[in-house]
Each structure stands twice: as C-alpha cells, then as structure tokens.
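Commentary on secondary and tertiary structure
Each chain, letter by letter, is given below.
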Amino acid sequence: MTVFLQYTLSGLMTGTIYGLVAMGFVLIYKASKILNFAQGTILMFLAYVSWSFFTQLHFPPVLAFMATLCVAVILALVVERFALRPLIGQPLLAIIMVTIALSVLFEGLEFLIWESEHKVYEPMWLPEDAMHLGSLIMSQAELYCFAIAVILVLSLSLFFKYTRRGLLMRAVAEDHQAAQSRGIRVHNVFAWSWAISAIVSAIGGMLLGSIVGISYAMSWIGLKVFPVVLLGGLESLHGAVIAGLIVGVLENIAGGYLDPLVGGGVKDIFPYIILIIVLLIKPYGLFGLVRIERI
Amino acid sequence: MIQHSGIYSTSYKEDMAIFRTIPHWSWFIAFLIALIVFPFVATAHILNLLCIIGITVVAVHGLNLLTGLCGQISVGQAAFMGFGAYSYGLLVTKLGLPFWVALPLAAVLTGFSGVIFGLPAVRVKGFYLLVTTLGAQFIIIWLIIHLRGLTGGMIWGLSVANVRLFGYALDTDIKKYFFIMAFVVLMTFLAKSISRSRLGRAFIAIRDNDLAAEVMGINLFYYKLIAFFTCSVFAGVAGSLWALFINHLHPDQFVLMDSIWYLGMLIVGGMGSTMGAIFGTVFFKVLSELIVIYSPVIADLFPAVESGIFASLGHLIFAIVILLFLIFEPRGINHRWEILKASYRLHPFAY
C-alpha cells in the first residue's frame, strides 16, 4: 500500500509539470490553431537560460526568475513575429513544419551555447530537503512545484475570465474572422498567447530543472505532452492540468508495477495506450469541445 | 495541364497520359539512362547516399498517399518502416524465405499493422490522429526492443543476409543500387498510378471534405483504412529495401525524428504530388549531406573558434534553411516547379 501511495504521490508531482507544459501548448492552440512542436525544446532552452542566470551569473533568485521570464517573452515575440506571422493563412502542415524547424533551431542554439551538458542549479533556488508524510517520502522542491503550478493555473483562469485581455483572447479562440470584424487585433492576440505560453514553459522548465537537473533530454517532455493535451481536450486549460495529473499518476503506477515484468520502458508508451483507449470512447478528450460538423 | 501551342489530344487516353509528348519521353528516358550510368562514375559515398535517398523516396511516397492525398497526418512512418524491415529480416532469417516471397509478405504484414493503428482514424482526425500515430511510433519501436528473443533488441540487432538473385549474391553497393532503384522506379510508378485512379480520387475527396465525400457515396471507413494500408505497404517495401541494403537492423534506425523528417520532406517537396515527394526527399538528404561535408570546411577557416560550435552549426543551418524555405514557399518545391514549367510553355507571354 505504501508503495502504491508513493508511486501515486510522485506521479502527481510529475503530473503537475506535464499539466504546466500542456497548458502552454493549449494556449497557443486555442488562440491560433497552431500545434507547437517546439514546446519541449523551448522549455529546455529556457531552462538553460535560467541556469545561466541562477548559477553562472549568480543573480539573486527573484531577479534570475524574472530575467528568465523576460527572455522567454522576448523569444516568444521574436518567434511569433518572424517565423509564424508570415505563414498566417498558409496550409496547416507548413506551419507545423515551421515549429519542427524551430525546435531544431533551438536545439542547435542550445548546443552552441551550453553544449548539451547536464547542469544543476547551484545553489538550489528551491529547498530540497526530504519531507516525510507518514511513511511517504517526498522532496520539498516537488511540493513547491505543485504549489506554483496550482497558483499558475488559478491565475491564468482568472486572467481569462476577468481581464479585458483575457476576453479578447477568448474571442479570438472562438473565431478569428468574427473577432477581427469586431475590431480585435488578432495578430496582437497571437503574440500575447505566444508570450504567455513561453512564460508557462519557462516556469515549467525551471521547476523541472530543479527536480531532475537541466539536460538535453528535457525536450522530450514536449512529446510526452501530446497525449496529455488530447486526453484533456485540445481547447481546455483545466482539462490539460487534470489530464496531466491523470497521465502522471497512471504512468508512474504502471511503470512501477509493470517495468519489472516486461523489462522497462512502460512509462514511455503507457500514456499512448491510455490515449488510444480514451480516444476510441471519447474522441474529443475529457473536456474538449465536441465539434458538430456541417457541410 | 497547359501544353505548348499546337499539341492536341485526339483521344481521352492520349489526354491522360503521364508522358504526353516526345520531349516528355526523351527527358524520362534520359533520366533513366542517367540513373543507370551514374553508379559507374559516382564515388562509393555518393552511391550510398543515392541508395538511402531511393529508400526514403519509397517511404515518403507512402506518406504522400496517406497525408498528401487522403489528408490523414501520420508521424509513425519510420516505425512502420521498422516494422517492415524487421518482418522482412525475420521472414528471411528465421523462416528462410527467398526475397521475392519475403518482401511482398513483409509489405502486406506492415500494411495490416498500419490498419490496426489507423483504426482510430475512423473516429478522430487532424491532430488527434497525429497523436495516435505518434503512439504507433512508440509502441512499435517498444515492441521491437522488448521482443528480444526474435529481434535481438537494442544490444544485438538483427543481421540480414544479402539477397541472392538468380544465383548471384547482391553483395556490392552497385548491385544493391540497381536492385533498389528498380524498386524505387516501380513504387514511384505505383504511387503515381494510385493517385490518378478511382482510389486516389476518393482519397482527395476525403482530404478536401470528408463529410461531403461520405454524402457523395465514398465509404469513409473503408477508404481511410485503405489509405493507411497503402501507406504502410510502401513503408514495408522501404523497410525491406533498407534491411537488404544495410544488412544489420537496429531499433535506433527508425527513430521518431525520422518520422517527422519524412513529413517534413513531404511538406517541403509539396503535399499531394508524386514529384513533390521526390523533390522533398532529395532536397533534405542533399542538404544534410552538404552540411556534413562543409561544416568541417568552415571549421578549418576559423581555427581560433572552438570545434564544438561547428557541431551545432549543422543543426542551425538546417533549421534556418527549412524555416526560410517554408516562410517564402509554403506550398513546396513542386509548386515552384509547376510555375516554372507553365512559364516555359507560355513563353514569351506572361499568361
């Protein structure tokens, strides 16, 4: 039982990170219908940027955190302006390909600057002592991650619900042309959604980096996030977070119990198995918008 | 299609011919002769590259039928190719079948594996489908790695003997080149034919509007699965060719990035056209080859700079070329090629 709870607990912690990254993905998809294949690589790149601020340049933690977010926003705006805006109205697949090329570009940049070395924050900016909950063990850093993720989700949903900017973004997500005809600058909204998504990615990258260290392999989370996004439903921010937790817990439990039986690697494919089963039952995910199509 | 002034078709058959005029035929034959003569003048390295391009072209043709014509996005092509390669390898090594039985059998087996992973396509589309095919990529490779007893897993891999044809072993690169190119020409012809047939037209109808297609009497369930089947059959042939070309299979030869690049080749070449698949593949492979060759040359020019930087240079140049290309020509090379052909035929008039 303890083992089971332990798996569940660490699954929840991984799940929050999945949820965060999935949120960044959903933000861009909702606003501009672009599937951002570069999400994972951008996260990895920003994690390295934050490492430079925290450890190389010895900024105080708050300043380093803010500096990373600034870099994230600038990066997102540049990418949106110069790579994606020229392609508005072009075939969807060309746009997907551009995001793939972007991910290769960021991989190259990362290698150019940090040479793909494994880095850890020194000193750690989150407390990392172990905590005991009865017989369960967890690190404080993971708890902080959980808290930060929850705060981020709440503040984003408040942002969408109550601010004018959030209203504009929801309007654009609904229908580009209708929004434009009401005088909304759709381009601006795209830029905003890229910027917010990059901030979410940067925070996700810093949290993940403080738990497992920063490495080239972090970009894999960009692929992990696809089943999460679909499970939650492509258009739903809350869905992304909940699905992140579900996938995190299930894959951790499955990995824990099945890995010894089949020889490892269950964690990597289990989300997809869940996904294929769910898609056969609920094709639009748990909280996705059911599209009614007409000719 | 626009023809030169003075070329008239007197029958439907004539109008529909792929090679319509004598210059068409002469260009085609010249190209075939070039393909035959080339290996005798090329270096071993270029020959190798050509074989790989040929094999990739077959895989991308399959993807073109599924994604370009039928509109079902797939990022599992490399895994299906792996499935084909391993089925061919196992049929040859474990059952001792000759290649002319093993290759078609492997292709058909791969086709059915494609149908299994294509089943969700009946209910979902677009991005949802993309992720189920991503699942296919992970699950197939996972199976290959973990069925160690059959496939040799990550450690040993699977060795495949050379093909024996009429008592001769295909053991040198030149012999393999001719063998592979014969298949490439055959599969290209097949892909072009499918795209012009009733099947291809059904695919295009589904791509343009699947609901409308269904109302017109096209059975979506049947044709979507057929699309997955044909796509995977092409992948199976490509995989078998890869197995007999490389002689040693390993799960690392069929990674996700390859699947994504196959899609990329298709997009850069031009979706939905047979020529586009070839253009895109050649563009990608030649570009990455040039980068591999010239990165060290650039590195030599700047001896003061650390050599590690130039390892990343390849990535950067590759990404930037593709980015610029897509930003300025999102419809692919084939679109540009059609414009070029049309303007040549209309010369000296603009339209």
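Residues numbered from 1 in each chain as written. Chains lettered and ligands numbered in written order. Predicted model: local features only at pLDDT ≥ 70, side-chain atom pairs only at ≥ 80, totals over all residues.

**Things to note about the overall build of chain B**
Helix and strand counts for chain B come out as 16 helices and four strands. Over its C-alpha atoms chain B spans a radius of gyration of 21 Å, differing by no more than 12% from the 20 Å that the globule rule assigns to 351 residues. Seen along its three principal axes, the alpha-carbon backbone of chain B occupies a region of about 60 × 60 × 45 Å. Burial analysis of chain B (351 residues in total) assigns 42% to the buried set. Restricting to contacts in chain B with at least 6 residues of sequence separation, those with at least 24 account for 75%. (Helix = DSSP H or I, 4+ residues; strand = E, 2+ residues; numbered from the N terminus. Rg over C-alpha atoms; globule rule 2.2 N^0.38 Å. Buried ≥ 20, exposed ≤ 12 C-beta atoms within 10 Å, placed from the backbone. Contact = placed C-beta atoms within 7 Å.)

**Looking at the pairing of strand S2 (residues 136–139) of chain A**
Residue and element names in this part refer to chain A. Examined bridge by bridge, strand S1 (residues 130–133) and S2 share four bridges and lie antiparallel to one another. Within the sheet, the bridge partner assigned to Met131 lies in S2 and is Met138. Between S1 and S2, which pair antiparallel in sequence order, lie two residues; one of them, Gly134, sits at a positive phi of approximately 65 degrees. (Pairing = 2+ DSSP bridges.)

**Section: the packing of helix H2 (residues 39–56) of chain A against helix H4 (residues 92–114) of chain A**
Residue and element names in this part refer to chain A. Packing of H2 against H4 leaves a shortest axis separation of 9 Å and a crossing angle of 20 degrees. Taken together, the axes of H2 and H4 are roughly parallel relative to one another. For the pair H2 and H4, the crossing hand works out as left-handed. Touching Thr41, Ile42, Met44, Phe45 and Tyr48 of H2 are Ser103, Phe106, Glu107, Leu109, Glu110 and Trp114, all from H4. Its residues placed into classes, the contact of H2 with H4 shows seven nonpolar, two polar and two charged. (Axes fitted to C-alpha atoms, helices over the stretch in contact; angles between N-to-C directions. Parallel < 35°, antiparallel > 145°, perpendicular 65-115°, else oblique. Left-handed = near helix turned anticlockwise from the far one by under 90°. Nonpolar A, V, L, I, M, F, W, Y, C, P; charged D, E, K, R; others polar.)

**A look at helix H10 (residues 237–262) of chain A**
Taking 1.5 Å as the rise per residue, H10(A) with 26 residues should run 38 Å; its terminal C-alpha atoms sit 35 Å apart, in good agreement. Two residues or fewer past H10(A), A:Gly263 is found with a positive phi of approximately 90 degrees. (Expected span 1.5 Å × (residues − 1).)

**Some details on helix H1 (residues 2–32) of chain A**
All names here are of chain A. Compared with the 45 Å implied by 1.5 Å per residue over 31 residues, the 45 Å span of H1 between its first and last C-alpha is a close match. The buried fraction of H1 amounts to 22 of the 31 residues, a majority that puts the element mostly inside the structure. Backbone geometry just after H1 places Lys33 at a positive phi near 60 degrees.

**Here's the deal with the environment of A:Val172**
Residues and elements named next belong to chain A. Note that Val172 resides in helix H6 (residues 164–174). Between the C-alpha atoms of Val172 and Ser32, which are 140 residues apart in sequence, the distance is 8.0 Å. Those residues in contact with Val172 that sit more than four places away from it in its chain are Ala31, Ala179, Ile184, Val186 and Val189.

Any link to function would need more than the numbers given here.
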